[in-house]
Amino acid sequence: MLLRLHTADTAAALVFLLRWLLICGLIGVLAGSASALFLVSLDWVTRWREQHPWVLLLLPVAGLGIGLVYHYWGGRAGRGNNLILDEIHQPSARLPLRLVPLVLGSTLLTHLAGGSAGREGTAVQMGSALADQLTRLFRLRPHDRRLLLIAGMSAGFASVFGTPLAGAVFGLEVFLLGSVRYEAVLPAFLAAVAADFVTRSWGVGHTVYPQLVALPLTPLGLGCTLLAGALFGLTARSFATLTRWISRQFTRLPYAPLRPVAGGIVLLLIVWALGTTRYLGLGIPVIVEAFQRPLPPYDFAWKLLLTALTLGCGFKGGEVTPLFFMGAALGSALALVLPLPVALLAAMGFVAVFAGAANTPLACTLVGLELFGADAGVYLGLACVVAYLFSGQRGIYSAQVIGEVKHRWPARQQGSAEE
């Protein structure tokens, strides 16, 4: 009898593995190819914008185009990442396939015109929407469709950043604050690895960051990490709060397509007043610079403001790369007062601000290990955990549900992060 049970368990595990190997292989091809196309296109529009700075004058026009498209044809797709999280928690209807061209085109237009936005949201939405089209093909039940959507999110994140381990854990960690759904571990890892492999197979590379050297663990170093982690968490909290506040202000305009138009005008005025385009687009050059020398303390603040304004008024794109910018710039500036290497502080901020904003400390620790090496893993992980603790219950994803509170005082119960 016992042998029969062991055999049945082994057979069930084998069937589960083979089934999801096939499904996640397809997800990897779809999401990885979509991310490859997106990254190549994003690189092209970024270079074109930098060569033709006059295109910034078209920010209001780009905002109008994005606003009109989403107002009249977006439908449910307008909720972006929050729609995916809602479908994981309460499956109702397949993600519309039009979400893919909508978010791809609008994100590219945002970057072409000079908006301060990222790329994670676009890749995650494309990966999830493409994955969800397999629901009917494989006749998946609602339970399995949840796993499919988690796998799609993991595939999109992994392929756009080149971090398969972090991508897998991001899909598992992001939808339920404080909890991980272990039944989705295999689909998430298979999809993330497959999507990353496909993107690289298309010849698409990723930004190479410096590998951190080993640093002895000392009471002073750990104390500085705790302090920096708290500042990173408060920065993440400030960004999420400001973005929500700006979004509420723009909703006062009754005609939705005019919101990004007004936001584009404000962005233009700020850029004109600053006299620099340093804080527009992804900001990769500034992120790389942050690892080389201490940056001025205001760099992270301007990026925070312009990104909150860009996304809050209705332009499209992700938050993650701008959060990388904010964290790296703040960490780099902290090297002026904290006795830690500038590259280490920049790397800690890079991952920790994102960890606090998305409430994903484990995924962000893995981002640090995959991008910067394992030698400084303790510092990176501790910064992420402390930032997560100090960032509050509400992050950048309003549909994120609280599965387990971060701390018991003040007492909170389970529920939506937007409560």
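Here, every reference points to the structure presented above.
Residues numbered from 1 in each chain as written. Predicted model: local features only at pLDDT ≥ 70, side-chain atom pairs only at ≥ 80, totals over all residues. Heavy atoms only, no water.

**Student:** What exactly am I supposed to notice about the packing of helix α2 (residues 59–74) against helix α11 (residues 258–274) here?
**Tutor:** Each packed pair of helices is defined by two parameters, the angle between the axes and the distance between the axes. At a minimum axis distance of 7 Å, the contact between α2 and α11 shows a crossing angle of 160°. With respect to each other, α2 and α11 are oriented roughly antiparallel. Considering how the two elements wind past one another, α2 and α11 form a crossing that is right-handed. The residues of α11 that touch α2, namely those facing Leu59, Pro60, Gly63, Leu64 and Gly67, are Pro260, Val261, Gly264, Ile265, Leu267 and Leu268. Taken together, the residues of the contact of α2 with α11 break down into eight nonpolar, three polar and no charged. (Axes fitted to C-alpha atoms, helices over the stretch in contact; angles between N-to-C directions. Helix = DSSP H or I, 4+ residues; strand = E, 2+ residues; numbered from the N terminus. Parallel < 35°, antiparallel > 145°, perpendicular 65-115°, else oblique. Left-handed = near helix turned anticlockwise from the far one by under 90°. Contact = heavy atoms within 4.5 Å. Nonpolar A, V, L, I, M, F, W, Y, C, P; charged D, E, K, R; others polar.)

**Student:** Honestly, the pattern of salt bridges in this entry has me stumped. Any pointers?
**Tutor:** A side chain with one charge can pair with a side chain of the opposite charge if their charged atoms come near. Under the definition given, this model contains 12 salt bridges. Residue Arg79 is joined to Asp86 by a salt bridge in which the shortest nitrogen-to-oxygen separation is 2.0 Å. Judged by relative accessible area, which is 39%, Arg79 ranks as partly exposed. Measuring nitrogen to oxygen at the nearest pair gives 3.3 Å for the salt bridge that ties Glu289 to Arg278. Within this pair, whereas Glu289 is found in helix α12 (residues 284–290), its partner Arg278 is found in the loop between α11 and α12, the two being separated by 11 residues in sequence. Shared partners join several salt bridges into a network, and the residues in it are Arg76, Glu87, Asp132 and Arg145. (Salt bridge = Lys/Arg side-chain N within 4 Å of Asp/Glu carboxyl O. Buried < 20%, exposed > 50% of the residue type's maximum accessible area, 1.4 Å probe, protein only.)

**Student:** What is the right way to read the nonpolar core from this model?
**Tutor:** Burial of nonpolar side chains together is a common tendency in soluble globular proteins. Judged by nonpolar contacts, the single largest core of 132 residues is most densely connected at Phe350 and Phe372. Here this core gets 14 residues from one element, more than from any other, and that element is helix α15 (residues 342–358). Phe350 has contacts with Tyr209, Ile287, Phe291, Leu323, Phe324, Gly327, Ala328, Val367, Leu371 and Phe372, leaving out every residue within four places of it along the chain. (Core = buried A, V, L, I, M, F, W, Y, C linked by side-chain atoms within 4.5 Å.)

**Student:** Help me out: how do you make sense of the environment of Thr107 in this one?
**Tutor:** When you line up the elements, Thr107 lands in helix α4 (residues 99–113). Taking the relative accessible area as the measure of exposure, Thr107 reaches 0% and is therefore buried. Taking the C-alpha atoms as reference, Thr107 lies 26 Å from Cys24; in sequence the two are 83 residues apart. In this view, Thr107 contacts Phe38, Gly118, Thr122, Lys316 and Gly317; residues no more than four positions away in its chain are not counted. At a separation of 2.7 Å, a polar atom in the side chain of Thr107 contacts the main-chain carbonyl oxygen of Val103. (Polar contact = N/O pair within 3.5 Å; in protein donor to acceptor, adjacent residues only side chain to side chain.)

**Student:** How do you make sense of the packing of aromatic side chains when you look at a structure like this?
**Tutor:** The description of an aromatic ring pair uses the distance of the two centres, along with the angle that the planes make with each other. Tallied over the full model, the rule gives 18 aromatic pairs. Ring centres 6.3 Å apart and planes at 65° place the aromatic pair Tyr72 and Trp73 in the edge-to-face group. Trp73 sits in the exposed class, given a relative accessible area of 56%. Within the aromatic cluster, the residues linked to one another by ring pairs are Phe157, Phe161, Phe170, Tyr209, Phe291, Phe324, Phe350, Phe354 and Phe372. Above the plane of the ring of Phe325 lies Lys303, whose end atom (NZ or CZ) is 5.1 Å from the centre. A cation sits over an aromatic face here: Lys316 above Tyr70, 4.4 Å from the ring centre. (Phe/Tyr/Trp six-rings, centres within 6.5 Å; stacked < 30°, edge-to-face > 60°. Lys NZ or Arg CZ within 6 Å of the ring centre and 35° of its normal.)

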